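The chain contents come next:
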Amino acid sequence: MHKTQMGNPDTEGFLLDGPVADGQQLLSSNRVAVWWLSLDEIQDMDWGKLDSLLIEEERERSERFHFDRDRLVYVAAHAACRGLLSYCLGGSPLSWRFSVEDHGKPELVCSPGQPRYRVNISHTRGLAAVALSQEHDIGVDVEWRQRNAPADQLARRMFAESERLRVEAAAGAEKLDLFLGFWTLKEAYVKAIGKGLSQPLDAFAFDLETHEISFRDSLADRPANWHFERYRPGPDYLMALAVRHPDKSSLIVDARPAPLGYLLDLAGSEL
Ligand SMILES: CC(C)(COP(=O)(O)OP(=O)(O)OC[C@H]1O[C@@H](n2cnc3c(N)ncnc32)[C@H](O)[C@@H]1OP(=O)(O)O)[C@@H](O)C(=O)NCCC(=O)NCCS
């Protein structure tokens, strides 16, 4: 498995009407890409541009959020998702269509005969994340670290025993980090399989050091099918990525901040 994690790519020279050379490469068959976008980086005057990357239905949904912070992170996540699909595949950000699966997972509608591109997004207070792959089931989860989560209580109710014991044995900030470490991995997995929280979280367990998954019912799924990564997209955030991939040794994962300059240029161009 190869990993790259890098700073904001230079936006100069990006093609706005076709896939960016770098973007096209990011979605080849043995690669997975995950980006994060911090709301702190977005200036007040740029929100209108990001808003213009949404389709009408998304804009209407964004307007129904009660709190501004929820609306803004929704806009950032969906604008980034549309913009990054265009970054990798070309075409207008407004052209992407999604179908919704049984448990609510949005899947990109792809033309017959073309590769099936997969996408998953996550948002938490102040940060959005977007993961893309070709064919492979993929799930991403980001969580804000300052949350006042009742870690012991949630671990007791929802985690596998080994995970619960680890959380209960820790104290202070370490307890929250352990809890969120397990939580992000678990959410990334249930999002990758598309079941969301309809999948009981105690039916599988993680080793936080190796990122290996194990299943209570060994027939349910195979650990060898899965690859997991954990990231710190900023001091206040934890993020995990789940990828179903048959050959981890050939998998390349790119993790980087989203190219905000590109997204804003894209919004400024004729859509
Ligand atoms: C999916 C779920 C785990 C998301 O958890 P979360 O931490 O609150 O949210 P995140 O920010 O990480 O992810 C939200 C995004 O995941 C995607 N998503 C929604 N359901 C999903 C699923 N079942 N699997 C994968 N991804 C899903 C969506 O893009 C969503 O963002 P959007 O609402 O802005 O489009 C959780 O909300 C869940 O299980 N919901 C289940 C809902 C359900 O079962 N509905 C059944 C009737 S349709």
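Residues numbered from 1 in each chain as written. Predicted model: local features only at pLDDT ≥ 70, side-chain atom pairs only at ≥ 80, totals over all residues. Heavy atoms only, no water.

J.: Sorry, what's going on with the site of the ligand here?
T.: Close to the ligand lie 19 residues, the nearest being His78, Ser122, His123, Lys191 and Leu197. Glu187 is positioned with one of its side-chain polar atoms (N or O) 3.0 Å from an oxygen atom of the ligand. Within the complex, 68% of the 900 Å² of free accessible area of the ligand lies under protein. When residues of the shell around the ligand are traced back to their parent elements, those giving at least two are α4 (68-89), β5 (117-124), β7 (138-144) and α7 (172-192). Among the elements that make up the shell around the ligand, the one with the highest residue count is β5 (4 residues). Grouping the constituent residues of the shell around the ligand by class yields 4 nonpolar, 8 polar and 7 charged. (Near = heavy atom within 4 Å. Polar contact = N/O pair within 3.5 Å; in protein donor to acceptor, adjacent residues only side chain to side chain. Areas by Shrake-Rupley, 256 points an atom, 1.4 Å probe, with all protein chains shown as cover. Helix = DSSP H or I, 4+ residues; strand = E, 2+ residues; numbered from the N terminus. Nonpolar A, V, L, I, M, F, W, Y, C, P; charged D, E, K, R; others polar.)

J.: Just to check I follow, could you spell out the sheet that holds strand β11 (residues 237-244) for this structure?
T.: In a beta sheet, neighbouring strands pair by backbone hydrogen bonds and run either parallel or antiparallel. The sheet built from 3 strands is open, its strands ordered β7-β11-β10 with antiparallel pairing. Each having just a single partner strand, β7 and β10 (226-234) make up the two edges of the open sheet. With strand direction ignored, the average angle separating the axes of adjacent strands in the sheet is 15°. Sheet topology places β7 next to β11; 7 bridges connect them, and they run antiparallel. In the sheet register, Val140 faces β11, and the bridge partner there is Leu241. Packing of α7 onto the sheet brings it into contact with β7, β10 and β11, and relative to β7 it is tilted by some 150°. (Pairing = 2+ DSSP bridges. Axes fitted to C-alpha atoms, helices over the stretch in contact; angles between N-to-C directions. Contact = heavy atoms within 4.5 Å.)

J.: I would appreciate a short explanation of the pairing of strand β6 (residues 127-134) in the present structure.
T.: Note on strand geometry: in a regular strand, side chains alternate between the two faces of the sheet. For β6, the tally of buried residues reaches 8 of 8 residues, placing the bulk of the element in the interior. By the bridge criterion, 7 bridges tie strand β2 (residues 31-38) to β6 in an arrangement that is antiparallel. By the bridge assignment for β6, Trp36 is matched with Ala129. Two strands pair when backbone bridges link them, and β5 and β6 are joined in this way by 8 bridges, in the antiparallel orientation. In the strand pairing of β6, His123 is matched with Ala128. Here β5 hands over to β6 after 2 residues, with Gly126 in that stretch at a positive phi of 85°. (Buried < 20%, exposed > 50% of the residue type's maximum accessible area, 1.4 Å probe, protein only.)

J.: Could you clarify how one ought to interpret the nonpolar core in this entry?
T.: Within the largest apolar cluster, 38 residues are counted, with the highest numbers of intra-cluster contacts made by Trp35, Leu37, Trp47, Leu50, Leu84, Val130 and Leu132. Taken together, the elements giving at least two residues each to this core come down to β2, α2 (47-51), α4, β5, β6 and α8 (260-268). Ranked by the residues each element gives to this core, the list is headed by α4, at 12 residues. When residues no more than four places from it in sequence are discounted, the contact partners of Leu132 are Leu27, Val32, Ala33, Trp35, Leu84, Leu85, Cys88, Arg118, Val119 and Ile138. With 30 residues, the next largest nonpolar core counts Leu185, Ala188, Leu238 and Ala240 among its residues. (Core = buried A, V, L, I, M, F, W, Y, C linked by side-chain atoms within 4.5 Å.)

J.: It is not clear to me how the environment of His227 should be interpreted in this structure. Could you clarify?
T.: Checked against the element boundaries, His227 lands in strand β10. Of the residues examined, His227 reaches a relative accessible area of 9% and is grouped as buried.

J.: Got a minute to help me understand the UniProt feature "domain: 4'-phosphopantetheinyl transferase" (unreviewed entry) in the protein chain in this structure?
T.: Mapped onto the present numbering, the UniProt feature "domain: 4'-phosphopantetheinyl transferase" (unreviewed entry) falls at residues 138-241. Taken end to end, residues 138-241 has its terminal C-alpha atoms 7 Å apart, with 37% of it in helix and 26% in strand. (UniProt positions renumbered as here; feature names shortened; annotations may be inferred.)

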